[in-house]
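Chains, contacts and geometry: an overview
So the chains spell out like this:
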Amino acid sequence: MTLFDGLNATVKTDEPMAKHTWFRLGGPAEYFVIPETRTDLVEVVKRCNENDMPMYVLGSGANLLVADSGVKGVVIHLGGKEFKEMTFQDDTLTAGAGVDMGKLVLQCVRQGYSGLQGLTGIPGTVGGCVRMNAGGAFGDIGSVIESVTVMNRNGEIFERLREDLAFAYRSSNISSKFIIGASFLLIEDDPHRILKEVKQIWIYKKNSQPLSHRNAGCVFRNPRGMSAGALIDKAGMKGKRVGGAHVSDKHANFILADKGATGFDVLKLIDMIRDAVAKEFGVNLEKEIEVW
Ligand SMILES: Cc1cc2nc3c(=O)[nH]c(=O)nc-3n(C[C@H](O)[C@H](O)[C@H](O)COP(=O)(O)OP(=O)(O)OC[C@H]3O[C@@H](n4cnc5c(N)ncnc54)[C@H](O)[C@@H]3O)c2cc1C
């Protein structure tokens, strides 16, 4: 009898997290669970609580560094069927937490709805992007959210409406453990015009970010009124290397993982960058990426 017997969910033990992060780094998760439906998720959470197992929620791992020692506890990925559904009703798009952001943007183009194209080129799931209020120079996801469906650690599900949500730079006031879906209020628009915008943003991203290497996007948050990338660059850290990890020459706030890199290499490089920026400018950089 194991922890998750009889559940309508994919359950794996000692699952390498390197398979589930954009860095392609990270040791094994003690349990890796993909519930099919909300009801199954409630049951997974119940079993975790009964057995005092820590829970970790995984999207597409685009903002995540997992330690080489792996994760003690249960990694829950909302990749089951019910979490991958998306539906348009007039100008409102509702999507499950597991929907891929790129697919969502393309679907909006096809249906002729404007609002999410600013997220072009940002990898992630709806759940992860809402959690992080993903975005940048072309807008963030929070600005078009109509409501978010969340679930707390006790398995209770709530609807949070726009008027009681607050989104800020890479953060929000959503504290519930699970985001299980979101609705977006969009504007009807010409598909050709939206596609043109998508292409322009994509070209900008390709030119400014080192997309051909394994990475997890910006490692540090921009301190108020400053660019973390510029500080790292001016502190002389561009190109610095620890083992298989190095600071990108193209964008100094990106750490790239080469063949043979370990989570330890990335963590060590993060410490070195922080020390260098603190020493040079007296600024303490805060991590944007999550470390498990
Ligand atoms: C090449 C590249 C470029 C990037 N560019 C940008 C950019 O321009 N702007 C930007 O904002 N980000 C950027 N990122 C970072 C990343 O795309 C975003 O942070 C994105 O929101 C991560 O989504 P995810 O599903 O992969 O989340 P994950 O990395 O899996 O998780 C991130 C956090 O969200 C939590 N989480 C995930 N799913 C859920 C859920 N369903 N419920 C509750 N919590 C959840 C996790 O527990 C974790 O705390 C970039 C990353 C890469 C690799």
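Worth saying up front: this structure is predicted, and the values here are computed from it rather than measured.

A separate point is the pattern of salt bridges. Enumeration according to the criterion identifies 12 salt bridges in this entry. Note that Glu30 and Lys72 form a salt bridge whose closest N and O atoms lie 3.9 Å from each other. Taken as a pair, Glu30 in strand β2 (residues 28-35) and Lys72 in strand β5 (residues 71-77) lie far apart in primary sequence, 42 residues in all. For Glu30, a relative accessible area of 26% corresponds to the partly exposed category. For Lys72, a relative accessible area of 64% translates into the label exposed. Residue Arg38 pairs with Glu82 through a salt bridge whose shortest N-O separation is 3.6 Å. Highlighted residues: Arg38 in helix α1 (residues 38-50) and Glu82 in the loop between β5 and β6 (86-89), separated in sequence by 44 residues.

Before going further, it helps to examine the sheet that holds β5. The 4 strands lie next to each other as β1-β2-β5-β3, forming an open sheet whose pairing is mixed. Of all the strands in the sheet, the pair left with one neighbour each is β1 (9-16) and β3 (55-58). Direction aside, neighbouring strands of the sheet carry axes that sit 25 degrees apart on average. Note: β1 against β2, 7 bridges, orientation antiparallel. Within β2, the residue paired with Thr10 across the bridge is Ile34.

Below, the discussion takes up the packing of aromatic side chains. Using the criterion set out here, one finds 4 aromatic pairs in the structure. Ring geometry for Phe4 versus Tyr31: centroids 5.3 Å apart, planes at 85 degrees, classification edge-to-face. Placement of the pair is Phe4 in the segment before β1 and Tyr31 in strand β2, with a sequence separation of 27 residues. Each member of the pair, Phe4 as well as Tyr31, is classed as buried.

Moving on, we come to the site of the ligand. Residues in contact with the ligand amount to 34 residues; listed here are only the nearest, Val57, Ser60, Pro123, Thr125 and Gly135. Contact between the ligand and Arg131: a nitrogen atom at 3.4 Å from a side-chain N or O atom of the residue. Here a nitrogen atom of the ligand sits 2.8 Å away from a polar atom, N or O, in the main chain of Ile179. Relative to its unbound accessible area of 960 Å², the ligand is 95% covered by the protein chains.

What counts, and at which threshold
- Sequence positions are assigned chain by chain, starting from 1 and proceeding in written order.
- For a predicted model such as this one, the threshold for reporting local features is a pLDDT of at least 70, and the threshold for listing and counting side-chain atom pairs is 80 or more; totals across whole chains, interfaces and linings nevertheless cover every residue.
- With hydrogens and water stripped out, all remaining heavy atoms of the structure feed into the side-chain values.
- When a carboxyl oxygen of Asp or Glu lies within 4 Å of a side-chain nitrogen of Lys or Arg, that pair is called a salt bridge.
- Elements are defined by DSSP. Helices are runs of H or I of four residues or more, strands are runs of E of two residues or more, and each kind is numbered from the N terminus.
- The buried label goes to any residue with under 20% of its type's maximum accessible area, the exposed label to any with over 50%, and the partly exposed label to all in between, with areas taken from a 1.4 Å probe on protein chains only.
- One bridge is not enough; two strands pair if DSSP finds at least two bridges between them.
- Helix axes are fitted only over the stretch in contact, all axes being lines through C-alpha atoms; the angle between N-to-C directions runs from 0 to 180 degrees.
- Two aromatic rings from Phe, Tyr or Trp, using only the six-membered ring of Trp, form a pair when their centres are within 6.5 Å; if the ring planes differ by under 30 degrees the pair is stacked, by over 60 it is edge-to-face, and anything between is tilted.
- Near residues are defined by distance, with any heavy atom within 4 Å of the molecule or strand qualifying the residue.
- Any pair of nitrogen or oxygen atoms within 3.5 Å is treated as a polar contact; in protein, a donor-acceptor pairing is required on top of that, and neighbouring residues in sequence qualify only through side-chain atoms on both sides.
- Here the accessible surface of atoms and residues is derived via Shrake-Rupley with a 1.4 Å probe, and residues count as covered only by protein chains that are part of the display.

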